[in-house]
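One letter stands for each residue in the lines below.
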Amino acid sequence: MTDSSGPSEPSRHTEPRGGGRLSAVTDIRLWFAPERLREEGSTPDYRFSLANERTFLAWLRTAMALVGGGFAVDQFLPETGRPQRLAMALILLAAGALCALRAISHWVRCERAMRRGEDLPASRFPIVLGLAVGVVALLMVIVAAFGWGG
């Protein structure tokens, strides 16, 4: 029986992460060859990998909803001035695209951290995405309430 309060830690991968551009290129390469993740660390409990995949799919659903919302704003607010409608639609479409790309990046980073026995990476993206959606929602409330006509 082992004492869990002891200093025994899982082995950590000690590759320096200060490579900046090189690290980003390596991460992007893993998007297209995720099987290369198996070369790092040890295989985590499959339940954690499946949970990571479910989170990835949730991010993709969010991305699709944002893209759909962007098209809906453009199509269903015709009485709104073109510049305002276009701005709201583009913010939602860009947020959807960023959300989909971030989903891939986050999946790779989490999978790598689990294999290395590291803490899961923190992310500011949910806050940024929430703020962007909140701003667009507020603009849409203003449009609906005061009718920015075109």
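Residues numbered from 1 in each chain as written. Predicted model: local features only at pLDDT ≥ 70, side-chain atom pairs only at ≥ 80, totals over all residues. Heavy atoms only, no water.

Engineer: Would you mind going over the overall build of the protein chain with me for this structure?
Structural biologist: Helices and strands together make up the secondary structure of the protein chain, namely four helices and zero strands. The long-range fraction of contacts in the protein chain, counting pairs at least 24 apart against all pairs at least 6 apart in sequence, stands at 72%. (Helix = DSSP H or I, 4+ residues; strand = E, 2+ residues; numbered from the N terminus. Contact = heavy atoms within 4.5 Å.)

Engineer: Looking at this structure, I do not really get helix 4 (residues 125–146). What am I missing?
Structural biologist: Think of an α-helix as turning once every 3.6 residues; residues three or four places apart then point the same way. With 22 residues, helix 4 should reach 32 Å at 1.5 Å per residue; the first-to-last C-alpha distance of 31 Å fits that figure. Along helix 4, the residues that are buried comprise Phe 125, Leu 129, Val 136 and Val 143. The arc enclosing the buried residues of helix 4, seen along the axis, measures out at 50 degrees, which places them on a common side. Facing away from the buried surface of helix 4 by more than 90 degrees, the exposed residues are Ile 127, Leu 131, Leu 138, Val 141, Ala 145 and Phe 146. Buried positions along helix 4 lie against helix 2 (46–76) and helix 3 (82–116). (Expected span 1.5 Å × (residues − 1). Buried < 20%, exposed > 50% of the residue type's maximum accessible area, 1.4 Å probe, protein only. Arc of directions from axis to C-beta.)

Engineer: Honestly, the UniProt feature "transmembrane region" (unreviewed entry) in the protein chain in this entry has me stumped. Any pointers?
Structural biologist: UniProt's feature table lists "transmembrane region" (unreviewed entry) at residues 56–73, 85–104 and 125–148, given in the numbering used throughout. End C-alpha atoms of residues 56–73 are separated by 26 Å, and the span's content is 100% helix alongside 0% strand. Spanning residues 85–104, this segment combines 100% helix with 0% strand, and its end C-alpha atoms are found 29 Å apart. (UniProt positions renumbered as here; feature names shortened; annotations may be inferred.)

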